[in-house]
Amino acid sequence: MEEMEEELKCPVCGSFYREPIILPCSHNLCQACARNILVQTPESESPQSRRASGSGVSDYDYLDLDKMSLYSEADSGYGSYGGFASAPTTPCQKSPNGVRVFPPAMPPPPTHLSPALAPVPRNSCITCPQCHRSLILDDRGLRGFPKNRVLEGVIDRYQQSKAAALKCQLCEKAPKEATVMCEQCDVFYCDPCRLRCHPPRGPLAKHRLVPPAQGRVSRRLSPRKVSTCTDHELENHSMYCVQCKMPVCYQCLEEGKHSSHEVKALGAMWKLHKSQLSQALNGLSDRAKEAKEFLVQLRTMVQQIQENSVEFEACLVAQCDALIDALNRRKAQLLARVNKEHEHKLKVVRDQISHCTVKLRQTTGLMEYCLEVIKENDPSGFLQISDALIRRVHLTEDQWGKGTLTPRMTTDFDLSLDNSPLLQSIHQLDFVQVKASSPVPATPILQLEECCTHNNSATLSWKQPPLSTVAAEGYILELDDGSGGQFREVYVGKETMCTVDGLHFNSTYNARVKAFNKTGVSPYSKTLVLQTSEVAWFAFDPGSAHSDIIFSNDNLTVTCSSYDDRVVLGKTGFSKGVHYWELTIDRYDNHPDPAFGVARIDVMKDVMLGKDDKAWAITEGGITKGATIGVLLDLNRKTLTFFINNEQQGPIAFENVEGLFFPAVSLNRNVQVTLHTGLPVPDFYSSRASIA
């Protein structure tokens, strides 16, 4: 109801309409406000004067235009009559609703009549403050406009609905707020008084109880005001002229004013127009509902824009930081090259200095020796060594020949950093407008910091790009077979994280992911390489063990509560590769028969290991307290071998071992064993396997 309030206020005074009249342009005004904005037209410019003077060839005929649209300046927002020679321009002013209105050119003469009956100046003009259409009033003045009785009734009901809440009429002290009204009793009741004074039984059961607001309207609603004809004030409207689109009275029809027009009953046209208005309101209601949904969508977009902005800024900072890190790494590499060149130059120069120092020392010694020989006075002795000295001097001089006294290295660094392409790339670094060529999801991004492997399991995580505008309905994760073979689907769903179990140990897997929706699938993400553990780390599995098995030491140590043999399996199964684990005998009483080996997942748990065709085990051969049993499962060669205290027990125990196998032990209450995993294959077996 509150949204309707502006429709019920006068555009001139800004208050609720009082005695509203309907202008020919279908807008409403208070009758008093209409009188206040009248403008008097000069006598010489009246329609009668213009026709009498014969100057109406190119002028408007106001009466033929149905007294409307004689002057309009909707673009400027106000109307004036500055073209009249004898009348000054009338400026406009704003009403409380912001609509421009036109005050009278001069104050109205004092009168003791009501505004509706007060005389209107001759040749008066009124301009609608909403559509700015002007109208010349006839001799009837404002009485020529019909009164809007419907609008008066709507305003009255609206004001009543905003009044204070009704109180119970039967409460003795502080009246409570009424909850119902009885139409027959014409009394407002609260809930306690209704149950006490108006029980729903007997004759009162037929009374009609309505909400207080509805009862107030029906109680206070005044009799409907019957509108009278503007030309015949004593006659009520009884018919409706379709051509003139106005109610008429019986006397209007008798006078022949609407003789050639189609005239219908007022009640029938009232119902027809009500139906048309209701249909039009249905369409408008749909548009209003769509507008509300659109506003919700826009508010959601505001929140999404803020969230995407934060994520995009973080992505931009990360990308720039990555560029800076790459530049720093390259800087370190270039500095290393400069240091290497520096060390090389110093080494060459220092080697040349050392070489020249040695040669200079030798040359100086030869020169000093020759000078001492020259001082010798014995000719025969001098001649005996002079030829040899002369040859040595010439040979030494030749050694100081061309290039010997030239530096082998320059002091300048023959390196020049070409940074112009990088600077150009930095200047060209800019955003690329992403436009989806098709409504398929964007390529997912693998989050490397959250992807990892543990034992023979791999966990992968991915997300949609920050600027992705197309939603993904799900994702498809693919892995190869660990040997570079074809990819296969391992997960399809809406989650963005998946753990894949049961992979081969010591294997390299390639993983990729793509998104999909109803339109299609996105391109694959970048391929991620995953390396599983080289050796297996595992414990005994309480979930698949017999109920008599007792676990301790984080499920690495087991014993039994029964004298009968019970089977327990390891948590990890093997189908490929070479695997080795050991078991130590912690307790061994009364010569029991424990068994150690491998078994399938569906092996019998209440008999000794190896009694059925789903287990392969060793049951005897030097097993005592403190002994260590080693189990070597080579699925590449399809063999099973056992060791006791690091000594192989005979040749290969079992051959043609194929499929999925789990480490297995069977024992009773006289035995306790501890499992040791993550062990490498014995060296002697590895070397023998490589030779084979």
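Residues numbered from 1 in each chain as written. Predicted model: local features only at pLDDT ≥ 70, side-chain atom pairs only at ≥ 80, totals over all residues. Heavy atoms only, no water.

**Student:** Before we go on, may I ask you to explain the overall build of the protein in this structure?
**Tutor:** Check the secondary structure of the protein and you find 10 helices and 33 strands. Of all intrachain contacts in the protein linking residues separated by at least 6 positions in sequence, the fraction that spans at least 24 positions is 61%. Summed over all atoms, the accessible surface of the protein reaches about 43,600 Å², with 54% contributed by carbon and sulfur. (Helix = DSSP H or I, 4+ residues; strand = E, 2+ residues; numbered from the N terminus. Contact = heavy atoms within 4.5 Å. Areas by Shrake-Rupley, 256 points an atom, 1.4 Å probe, with all protein chains shown as cover.)

**Student:** Help me understand the nonpolar core, please; the structure alone is not making it clear to me.
**Tutor:** Burial of nonpolar side chains together is a common tendency in soluble globular proteins. Core analysis: the biggest nonpolar cluster contains 33 residues, and Trp581, Leu583, Phe596, Leu633 and Val673 have the highest contact counts within it. Breaking this core down by element, the ones donating at least two residues are β23 (557-560), β25 (578-588), β26 (595-599), β27 (615-618), β28 (628-634), β29 (639-644), β32 (662-667) and β33 (671-676). Those residues in contact with Trp581 that lie beyond four places of it in its chain are Phe538, Phe574, Gly597, Val598, Ile629, Gly630, Val631, Leu633, Pro663, Leu675, His676 and Leu679. Counting 22 residues, the second largest nonpolar core, distinct from the first, contains Leu29, Cys30, Ile37 and Ile155. (Core = buried A, V, L, I, M, F, W, Y, C linked by side-chain atoms within 4.5 Å. Buried < 20%, exposed > 50% of the residue type's maximum accessible area, 1.4 Å probe, protein only.)

**Student:** Mind showing me how you'd approach the pairing of strand β16 (residues 457-463) here?
**Tutor:** The side chains of a regular strand alternate between both faces of the sheet. Judged by how many residues are buried, β16 sits mostly within the fold: 6 of 7 residues are covered. With 2 bridges connecting them, strand β14 (residues 445-446) and β16 associate as antiparallel partners. In the sheet register, Ile445 faces β16, and the bridge partner there is Lys463. As defined by bridge partners, strand β15 (residues 452-454) adjoins β16 across 3 bridges and the pair is classed as antiparallel. By the bridge assignment, His454 is partnered in β16 with Ser457. Relative to strand β19 (residues 497-500), β16 runs antiparallel, the two sharing 4 bridges. Bridge pairing in β19 links Ala458 to Val500. (Pairing = 2+ DSSP bridges.)

**Student:** Looking at this structure, I do not really get the sheet that holds strand β17 (residues 474-479). What am I missing?
**Tutor:** Note: strands within a sheet are paired through backbone hydrogen bonds, in either parallel or antiparallel orientation. If you walk across this open sheet you meet the 4 strands as β18-β17-β20-β21, and the pairing is antiparallel. In the strand order of this sheet, the two ends are held by β18 (488-493) and β21 (528-531), each with one partner. Pairwise comparison of adjacent strand axes, ignoring direction, gives a mean angle of 25° for this sheet. Of the strand pairs in this sheet, β17 and β18 are connected by 5 bridges, and their pairing is antiparallel. Its bridge partner being in β18, Leu479 is matched across the sheet by Arg488. (Axes fitted to C-alpha atoms, helices over the stretch in contact; angles between N-to-C directions.)

**Student:** Explanation requested: a nonpolar patch on the surface in the structure shown.
**Tutor:** Where nonpolar side chains cluster on the molecular surface, the patch consists of Phe294, Leu295, Leu298, Met301 and Ile305 and spans about 440 Å² of accessible area. Within the element layout of this structure, Ile305 appears in helix α7 (residues 266-374). By relative accessible area, which is 53% here, Ile305 ends up exposed. (Patch = residues over 30% accessible without salt bridge, like charges linked within 9 Å, V, L, I, M, F, W, Y side chains within 5 Å. Salt bridge = Lys/Arg side-chain N within 4 Å of Asp/Glu carboxyl O.)

**Student:** Sorry, what's going on with the sheet that holds strand β10 (residues 209-210) here?
**Tutor:** Strand order in the open sheet formed by 3 strands is β9-β8-β10, and the pairing between neighbours is antiparallel. The open sheet has two free edges, formed respectively by β9 (187-189) and β10, since each of these has just one partner strand. In this structure, strand β8 (residues 180-182) lies alongside β9, joined through 3 bridges in antiparallel fashion. Counterpart to Val180 in the pairing with β9 is Tyr189.

**Student:** What is the right way to read the packing of aromatic side chains from this model?
**Tutor:** The geometry of an aromatic ring pair is captured by the separation of the ring centres together with the interplanar angle, meaning the angle of the planes. Summed over all chains, the structure comprises 10 aromatic pairs. Ring centres 5.9 Å apart and planes at 70° place the aromatic pair Phe538 and Phe574 in the edge-to-face group. Within this pair, whereas Phe538 is found in the loop between β21 and β22 (549-552), its partner Phe574 is found in the loop between β24 (566-569) and β25, the two being separated by 36 residues in sequence. Seen in terms of ring centroids, Trp616 and Phe661 are 5.3 Å apart; in terms of plane orientation they differ by 80°. Their pairing is edge-to-face. Taken together, the residues Trp616 in strand β27 and Phe661 in the loop between β31 (654-655) and β32 connect sequence positions 45 residues apart. For Phe661, a relative accessible area of 1% corresponds to the buried category. Each residue in the set Phe505, Phe538, Phe574 and Trp581 is aromatic and connected to the rest through ring pairs, giving one cluster. Positioned above the aromatic ring of Phe413, the side-chain terminus of Lys345 is 5.7 Å from the ring centre. (Phe/Tyr/Trp six-rings, centres within 6.5 Å; stacked < 30°, edge-to-face > 60°. Lys NZ or Arg CZ within 6 Å of the ring centre and 35° of its normal.)

**Student:** Teacher, can you tell me more about the pattern of salt bridges here?
**Tutor:** Side chains that carry opposite charge are capable of pairing whenever their charged atoms lie near each other. Following the criterion strictly, the structure yields 13 salt bridges and no others. A salt bridge links Lys264 to Glu262, with the shortest nitrogen-to-oxygen separation between them at 3.6 Å. On the basis of relative accessibility, which here comes to 39%, the residue Glu262 falls in the partly exposed class. The salt bridge partner of Asp351 is Lys347, with a shortest N-O separation of 3.2 Å. You can see Asp351 and its partner Lys347 sitting in helix α7, 4 residues apart, about one turn around the helix. Within the structure, one salt-bridge network assembled from shared partners comprises Asp548, Asp564 and Arg566.

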